[in-house]
Amino acid sequence: MIVIVEHSDGGRDALRRIRGEGLFYPFWDEEFEYRLRRLDQKVDALLERPTPSCRIASEEDNNVLQLMTGVGAAARTEAIDYMRSGFSGAKQLVICDPYFLLSNSKTSKADYLAGVDVVIPKNVKAIELYVKPRKRDAEVATGFTKLCQDRGIKLTCRKTEELHDRVWIVDSTRAYVVGASFNGLGNKCAFILELPEEDRRNFIKEVGLLRERTTRSKSA
């Protein structure tokens with residue numbers, strides 16, 4: 001019966017062919033036609049159903065910051081410049097990056113701190129930093145604390161095991177997911193994506209709860 005239906009020109013043609021094969025009695029025609037119509041309606045409803053999509057990939061807002069970073073020194077510079085552009089005009093930054101206070105073997109500590117200096121907008125007056133406990137290079141931490149002091153930035157550092165993703169919050173009005181820690185930009189391919197509004201609000205709420213159960217330090 002399925003083969004007959006698939007090769008028929010509509011329900012009535014299918015009924016005629018099935019009847020010709022003697023597969024059921026004539027009084028079943030009405031019931032069979034009803035079921036065919038129901039199947040057609042269900043298929044049409046499925047075809048009209050909206051296709052699920054990622055909100056980050058939506059084209060509704062062409063101003064969304066999104067970049068896939070490459071590998072190498074040039075890719076790291078591009079990523080830092082891209083972030084600086086997205087953070088432009090910020091007065092306050094919340095940096096959630098477990099390994100922010102560690103440099104890497106491919107970048108000198110001085111170059112690492114220079115990159116940090118570049119990515120932080122000149123208008124920033126306060127930075128709240130969330131890092132992983134015991135993941136700290138003393139020279140980088142001291143250098144970052146001095147950088148903030150020299151630029152008149154109020155620094156608050158909190159240590160926690162409860163954050164995994166790298167997220168930068170800008171003035172509580174924007175938030176960006178950075179696929180790699182700041183020390184890993186240019187080491188592997190990674191995305192820099194602006195969070196959709198609902199996700200940003202939820203993440204900021206969770207950071208607020210985390211703030212209440214962590215102690216703060218005025219130095220990194």
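Scroll up to find the structure this text is about.
Residues numbered from 1 in each chain as written. Predicted model: local features only at pLDDT ≥ 70, side-chain atom pairs only at ≥ 80, totals over all residues. Heavy atoms only, no water.

Draft legend 1. Just the packing of aromatic side chains, in detail. Applying the stated criterion across every chain, the model contains eight aromatic pairs. Centre to centre, the rings of Trp 168 and Phe 182 are 6.0 Å apart; their planes meet at 50 degrees, and the pair counts as tilted. One end of the pair, Trp 168, is in strand β5 (residues 167-170); the other, Phe 182, is in the loop between β6 (174-178) and β7 (190-194), with 14 residues separating them in the sequence. In this structure, Trp 168 and Phe 182 share a single accessibility class: buried. Three or more aromatic residues joined by ring pairs make a cluster, and in this case those are Phe 87, Phe 100, Tyr 112, Phe 144, Trp 168, Tyr 176 and Phe 182. The aromatic ring of Phe 182 is capped on one face by Arg 76, whose charged end is 5.1 Å from the ring centroid. (Phe/Tyr/Trp six-rings, centres within 6.5 Å; stacked < 30°, edge-to-face > 60°. Helix = DSSP H or I, 4+ residues; strand = E, 2+ residues; numbered from the N terminus. Buried < 20%, exposed > 50% of the residue type's maximum accessible area, 1.4 Å probe, protein only. Lys NZ or Arg CZ within 6 Å of the ring centre and 35° of its normal.)

Draft legend 2. Looking closely at helix α5 (residues 109-119). Along α5, the residues classified as buried are Tyr 112, Leu 113, Gly 115, Val 116 and Val 119. Summarising the axial view, the buried residues of α5 lie within an arc of 155 degrees, below the 170-degree limit, and thus occupy one face. Structural note: α5 exposes Ala 110 and Asp 111 on the side pointing more than 90 degrees away from its buried face. Residues of α5 that are buried in the fold lie against α4 (73-86), α6 (138-150) and β5. (Arc of directions from axis to C-beta. Contact = heavy atoms within 4.5 Å.)

Draft legend 3. Representation of α6. Taking 1.5 Å of rise per residue, the 13 residues of α6 would be expected to cover 18 Å, and the 18 Å separating its terminal C-alpha atoms lies within 8% of that figure. Turning to α6, its buried residues are Val 140, Ala 141, Phe 144, Thr 145, Leu 147 and Cys 148. The buried residues of α6 occupy an angular sector of 155 degrees when projected down its axis, which confines them to one face. Exposed residues pointing more than 90 degrees away from the buried face of α6 are listed as Thr 142, Gln 149 and Asp 150. Gly 152 sits one or two positions beyond α6 and adopts a positive phi of about 70 degrees. (Expected span 1.5 Å × (residues − 1).)

Draft legend 4. Structural context of the environment of Gly 186. Here Gly 186 shows up in the loop between β6 and β7. What makes Gly 186 buried here is its relative accessible area of 6%. Along the backbone, Gly 186 and Ile 80 are 106 residues apart, and their C-alpha atoms lie at a distance of 9.7 Å. The residues contacting Gly 186, other than those within four sequence positions of it, are Gly 70, Val 71, Gly 72 and Arg 76.

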